[in-house]
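For reference, the chains in residue letters:
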Amino acid sequence: RTMRNSRVLCERVASKRAPAKRSPVKRSPAAAHREKGHEALRVRVFRPADPRGSQLGAAAAAPTLVLAHGAGAGSSHPWIQRWAKALAGRGLRVLTFDFPYIRAGKKLPDRAPVLEATYREVAAKARAKFPGARLYLGGKSMGGRIASHLGAAGEACDGLVFFGYPLHPPAKPENDTWPWVKLDI
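Keep in mind that this is a model prediction, so the values were computed, not measured. (Residues numbered from 1 in each chain as written. Predicted model: local features only at pLDDT ≥ 70, side-chain atom pairs only at ≥ 80, totals over all residues. Heavy atoms only, no water.)

**Here we look at the pairing of strand 3 (residues 93-97)**
Across the five residues of strand 3, five count as buried, placing the element largely inside the fold. Residues Arg93, Leu95 and Phe97 of strand 3 are buried on one face, and the alternating residues Val94 and Thr96, pointing to the opposite face, are buried as well. Here four bridges tie strand 1 (residues 43-46) to strand 3, and the two strands are oriented antiparallel to one another. Within strand 3, the position partnered with Val45 by the bridge is Leu95. Since strand 2 (residues 64-68) and strand 3 lie parallel, the crossover through helix 3 (residues 78-89) that links them has a hand, and here it is right-handed. (Buried < 20%, exposed > 50% of the residue type's maximum accessible area, 1.4 Å probe, protein only. Helix = DSSP H or I, 4+ residues; strand = E, 2+ residues; numbered from the N terminus. Pairing = 2+ DSSP bridges. Right-handed = clockwise from strand over helix to strand, strands pointing away.)

**With respect to unusual backbone geometry**
For Ser141, which is not a glycine, the phi torsion comes out positive at approximately 50°. When you line up the elements, Ser141 lands in the loop between strand 4 (135-140) and helix 6 (142-152).

**Re the packing of aromatic side chains**
As enumerated under the stated definition, the model contains five aromatic pairs in all. With a centroid separation of 4.6 Å and an interplanar angle of 50°, the aromatic rings of Trp83 and Phe163 are classed as tilted. Residue Trp83 is located in helix 3, and its partner Phe163 is located in strand 5 (residues 159-163); the two are separated by 80 residues in the primary sequence. Given the relative accessible area of 35%, Trp83 is considered partly exposed. With a centroid separation of 5.0 Å and 80° between ring planes, the pair formed by Phe97 and Phe99 is classed as edge-to-face. The pair formed by Phe97 and Phe99 is uniform in burial state, with each residue classed as buried. Taken together, the ring pairs in this structure connect Trp79, Trp83 and Phe163 into an aromatic cluster. For Arg93, the ring lying beneath its charged end belongs to Phe130, and the centroid distance is 3.8 Å. Directly above the ring of Trp79 sits Lys140, whose terminal nitrogen or CZ lies 5.3 Å from the centroid. (Phe/Tyr/Trp six-rings, centres within 6.5 Å; stacked < 30°, edge-to-face > 60°. Lys NZ or Arg CZ within 6 Å of the ring centre and 35° of its normal.)

**Things to note about the nonpolar core**
Ranked by size, the top nonpolar core spans 21 residues in total, and within it Val66, Phe97, Phe99, Tyr119 and Leu137 carry the most contacts. Every element with two or more residues in this core is listed here: strand 2, strand 3, helix 5 (112-129), strand 4 and helix 6. Looking at which element gives the most residues to this core, the answer is helix 5, with five residues. If we skip the residues at most four places from it in the chain, Leu137 touches Leu65, Val66, Tyr119, Ala123, Ala147, Leu150, Glu155, Cys157, Gly159, Leu160 and Val161. (Core = buried A, V, L, I, M, F, W, Y, C linked by side-chain atoms within 4.5 Å. Contact = heavy atoms within 4.5 Å.)

**Quick look at the pattern of salt bridges**
Summed over the entire model, instances satisfying the criterion amount to two salt bridges. Of the charged contacts in the structure, one is a salt bridge between Arg127 and Glu155, with a shortest N-O distance of 2.8 Å. On the criterion of sequence distance, the pair formed by Arg127 in helix 5 and Glu155 in the loop between helix 6 and strand 5 is long-range, its members being 28 residues apart. Arg127 sits in the partly exposed class, given a relative accessible area of 31%. Salt bridges linked by common partners bring Arg120, Arg127 and Glu155 together as one network. (Salt bridge = Lys/Arg side-chain N within 4 Å of Asp/Glu carboxyl O.)

**Brief notes about the sheet that holds strand 1**
Here we have five strands laid out as an open sheet, ordered 1-3-2-4-5, and mixed in their pairing. For this open sheet the edge positions go to strand 1 and strand 5, each flanked by a neighbour on one side alone. Direction aside, the axes of adjacent strands within the sheet are offset by 20° on average. With five bridges joining them, strand 2 and strand 4 adopt parallel strand pairing. Bridge pairing in strand 4 places Ala68 opposite Gly139. Against the sheet, helix 5 makes contact with strand 1, strand 2, strand 3 and strand 4, and its axis sits at roughly 160° relative to strand 2, the strand it touches most. (Axes fitted to C-alpha atoms, helices over the stretch in contact; angles between N-to-C directions.)

So, in structure tokens, the structure goes:
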């Protein structure tokens, strides 16, 4: 009887212990953010139209622009929507997306590593879905800044497109991005 009670007691204690730690798996900041219960990344594609107004379709090798939003509003903001539609009307394929903090309903942007990892993931999806198309990275304000970080880090792209580019983070002029950008401007 004593043996049985001690076994039950051991089982109870074991069940209250913290789970065994696994060796850490290296995940991107964006993937780690999603593991915390945040919504999965969704990308909207604005298909290019030829000058006569008909849709060119996904198979055409139209230039592709990944267009990121600014810090204050997501990709559903009318400004981003108008530009995406206007550029698609001019023959560009435009991809828009929301950074994790917008999907989570937060006001303050995530730190740069999370923003960069998210943008890098969208760029990789664009390359995979539209192979052979010229790829441009860009955005409005903060979105353009993050695109410039990727360009400076050597992310494969054919150019950068900025709308209201901030030369440095708010109140931090010493953190200028331009000296590290190695693309033709």
